[in-house]
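A structural walkthrough
Okay, here's what each chain looks like letter by letter:
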Amino acid sequence: MKKVVKFGGSSLASAEQFKKVGNIIRSDAERRFVVPSAPGKRNSKDIKVTDMLYACYALAEDGKKFDKELADIKARYDEIINGLELKLDLSDEFAKISENFKAKAGSDYAASRGEYLNGIVMADYLGFEFIDSASVIFFDENGEFDADKTNRVLSVRLAGCEHAVVPGFYGAYEDGTVKTFSRGGSDVTGSIVAKAVQADVYENWTDVSGFLVADPRIIKNPEVIDTITYRELRELAYMGASVLHEDAIFPVRQEGIPINIRNTNVPEDSGTWIVGSTCQKSKYTITGIAGKKGFCAVNIEKDMMNSEVGFGRRVLQSFEENGINFEHMPSGIDTMTVFVHQDEFMDKEQKVVAGIHRLADPDSIDIEADFALIAVVGRGMKSTRGTAGRIFSALAHANVNVKMIDQGSSELNIIIGVSNDDFEMAIKAIYDIFVISQL
Ligand code: ASP
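Notes on the structure follow. Keep in mind that this is a model prediction, so the values were computed, not measured.

Strand β10 (residues 259-263) sits mainly inside the fold: 5 of its 5 residues count as buried. With burial as the criterion, each face of β10 is covered, one bearing Ile259, Ile261 and Asn263 and the other bearing Asn260 and Arg262. Relative to β10, strand β8 (residues 201-206) runs parallel, the two sharing 5 bridges. Each bridged residue has a counterpart across the sheet, and for Trp205 the counterpart in β10 is Arg262. Pairing analysis gives 3 bridges linking β10 to strand β11 (residues 272-275), with the strands arranged antiparallel. Residue Ile259 lies in a different strand from β11, and its bridge partner there is Ile274.

The next thing to look at is the site of the ligand. Every residue close to the ligand is listed here: Ser37, Lys48, Thr50, Glu115, Phe169, Arg183, Gly184, Gly185 and Ser186. Backbone polar atom of Gly184 to an oxygen atom of the ligand: 2.8 Å apart, as the coordinates give it. With respect to the ligand, the backbone of Ser186 contributes an N or O atom lying 3.0 Å from an oxygen atom. Per-class residue counts for the shell around the ligand are 1 nonpolar, 5 polar and 3 charged.

Right, let's talk about helix α7 (residues 186-196) for a bit. Among the 11 residues of α7, 11 are classified as buried, and the element is accordingly described as predominantly covered. Inspection of α7 places Ser186, Asp187, Val188, Thr189, Gly190, Ser191, Ile192, Val193, Ala194, Lys195 and Ala196 among the buried residues, and these make up the whole buried set. Of the residues one or two after α7, Gln198 is the one with positive phi, at around 50°.

Look at helix α2 (residues 49-61) against helix α3 (residues 67-83): their axes get within 9 Å of each other, and the N-to-C directions meet at 160°. Put simply, α2 runs roughly antiparallel to α3. Between α2 and α3 the crossing geometry is left-handed. From α2, Val49, Met52, Leu53, Cys56 and Leu59 reach across to α3, where they touch Glu69, Leu70, Asp72, Ile73, Arg76 and Tyr77. When the residues that make up the contact of α2 with α3 are grouped by side-chain class, the tally is 8 nonpolar, no polar and 3 charged.

What follows concerns a negative patch on the surface. On the surface, Glu301, Asp303, Asp361, Asp363 and Asp366 cluster together into a patch of negative charge. Its place among the elements puts Asp363 in the loop between α12 (349-360) and β15 (364-377).

Turning next to the packing of aromatic side chains. Considering all chains together, one arrives at 13 aromatic pairs under this definition. Ring centres of Phe139 and Phe181 lie 5.1 Å apart, and the angle between their planes is 55°; this geometry places the pair in the tilted category. Of this pair, Phe139 sits in strand β4 (residues 138-139) while Phe181 sits in the loop between β7 (178-180) and α7; the two residues are 42 residues apart in sequence, bridging distant segments of the chain. Since its relative accessible area comes to 6%, Phe139 is described here as buried. Assessed through its relative accessible area of 11%, Phe181 is described here as buried. An aromatic cluster of three or more residues is present, and its members are Tyr57, Phe66, Phe101 and Tyr109. In this arrangement the basic side chain of Lys149 is found over the ring face of Phe138, its NZ or CZ atom lying 4.1 Å from the centre.

Strand pairing in a sheet relies on backbone hydrogen bonds. The paired strands run either parallel or antiparallel. Read across the open sheet, the 6 strands follow the order β13-β14-β12-β15-β17-β16; overall the sheet is antiparallel. Of all the strands in the sheet, the pair left with one neighbour each is β13 (326-328) and β16 (404-407). Ignoring which end each strand starts from, the neighbouring axes of this sheet average 35° apart. Here β16 runs beside strand β17 (residues 413-419); their pairing, made up of 4 bridges, is antiparallel. Its bridge partner lying in β17, Ile405 is registered against Ile416. Where helix α10 (residues 311-321) meets the sheet, its contacts fall on β12 (288-301), β13 and β14 (335-341), and the angle it forms with β14 comes to roughly 25°.

What counts as what
- Residues numbered from 1 in each chain as written.
- Predicted model: local features only at pLDDT ≥ 70, side-chain atom pairs only at ≥ 80, totals over all residues.
- Heavy atoms only, no water.
- Buried < 20%, exposed > 50% of the residue type's maximum accessible area, 1.4 Å probe, protein only.
- Helix = DSSP H or I, 4+ residues; strand = E, 2+ residues; numbered from the N terminus.
- Pairing = 2+ DSSP bridges.
- Near = heavy atom within 4 Å.
- Polar contact = N/O pair within 3.5 Å; in protein donor to acceptor, adjacent residues only side chain to side chain.
- Nonpolar A, V, L, I, M, F, W, Y, C, P; charged D, E, K, R; others polar.
- Axes fitted to C-alpha atoms, helices over the stretch in contact; angles between N-to-C directions.
- Parallel < 35°, antiparallel > 145°, perpendicular 65-115°, else oblique.
- Left-handed = near helix turned anticlockwise from the far one by under 90°.
- Contact = heavy atoms within 4.5 Å.
- Patch = residues over 30% accessible without salt bridge, like charges linked within 9 Å, V, L, I, M, F, W, Y side chains within 5 Å.
- Areas by Shrake-Rupley, 256 points an atom, 1.4 Å probe, with all protein chains shown as cover.
- Salt bridge = Lys/Arg side-chain N within 4 Å of Asp/Glu carboxyl O.
- Lys, Arg positive; Asp, Glu negative; His and termini not counted.
- Charge placed at Lys NZ, Arg CZ, Asp CG, Glu CD.
- Phe/Tyr/Trp six-rings, centres within 6.5 Å; stacked < 30°, edge-to-face > 60°.
- Lys NZ or Arg CZ within 6 Å of the ring centre and 35° of its normal.

See below:
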């Protein structure tokens, strides 16, 4: 068995956290490939090293002095190195970074140093080989991740290693110029490494005991999801639930490698398993609930709309011409509604409306703002009768007016539109009916 273990910033924020990570790795000989993030926050007021690096490099780029800011970053690593009693000195590395900052090596290079240096510390601490990600993870000339080349090079490189540390978040262009993934991208590196070594599992260690059924800012101590499929996860992540970088799913999904989300601070918790498909039923009919505020509904009416071929296409053309994505499009006989993100739509609304008039000649267009959309997701809904009914009655009891309902054709999700003001109340009501009342 081979396991790839990725640790997030909060798991590596201090020497104390590093020791927990060391214990986790040493307690299982199969944990052979380690992907670290940069040191994160030690407390809620702290600053992540990645953010310190961006700020420090911004000074360098403006031609300002940045010595103190860089020394503060070095102090973060020295605190960890001293706390672990390592004989490691990063002075030469920092001298090189300072030179490169002066030479304006770019903000991607700057940010990547957080993971690069943490990888060096981690490799020293564990006695594992250090592999610079710039030599094994590649981007093409358009800045897109080059999955084929990376997998070719990385799988060969790692085949020769018993143990290795591969820092997260970055890779390089053909010419060696460093490029990062988007924020939180160490998750992606972990997935790429898991694919390259054909791992049996990709363990993603963080500071929560898995993926939660609902947002903990709305529901106090929500239940943890034991097992979730990739498709369910995509649905929930799209609606704002987050533990994992979205792009981290693809490399392992193709290979059928499961992801196990674990908690560095409570390693005995089994966490959440993210899998391709499963015969395991979720504990409840639903797997999770997520949602977002800030949508707008554009209601379009036209008599005899139902018999006019191409009406829907003409309406959507106006959104397309203005570069606006739509989320949902429920329709009646003579009406259709297009849900869009309010912040994207706001500046262009009059252009879109004029476009619809020009292209589709409707009787009226009416815009309603401040909607929230809630996704109730679960593979179990397909085989359970009455799920939508239960949602409706729970919301009616909670005095929440349902403005829209849309069931995906895969029966994996039900999307509900409510007003922004009812958002929290609606999530609580749905959680209560499916989870609390089943406990
Ligand atoms: N350190 C990077 C960030 O803060 C990447 C990561 O932690 O995954 O976004």
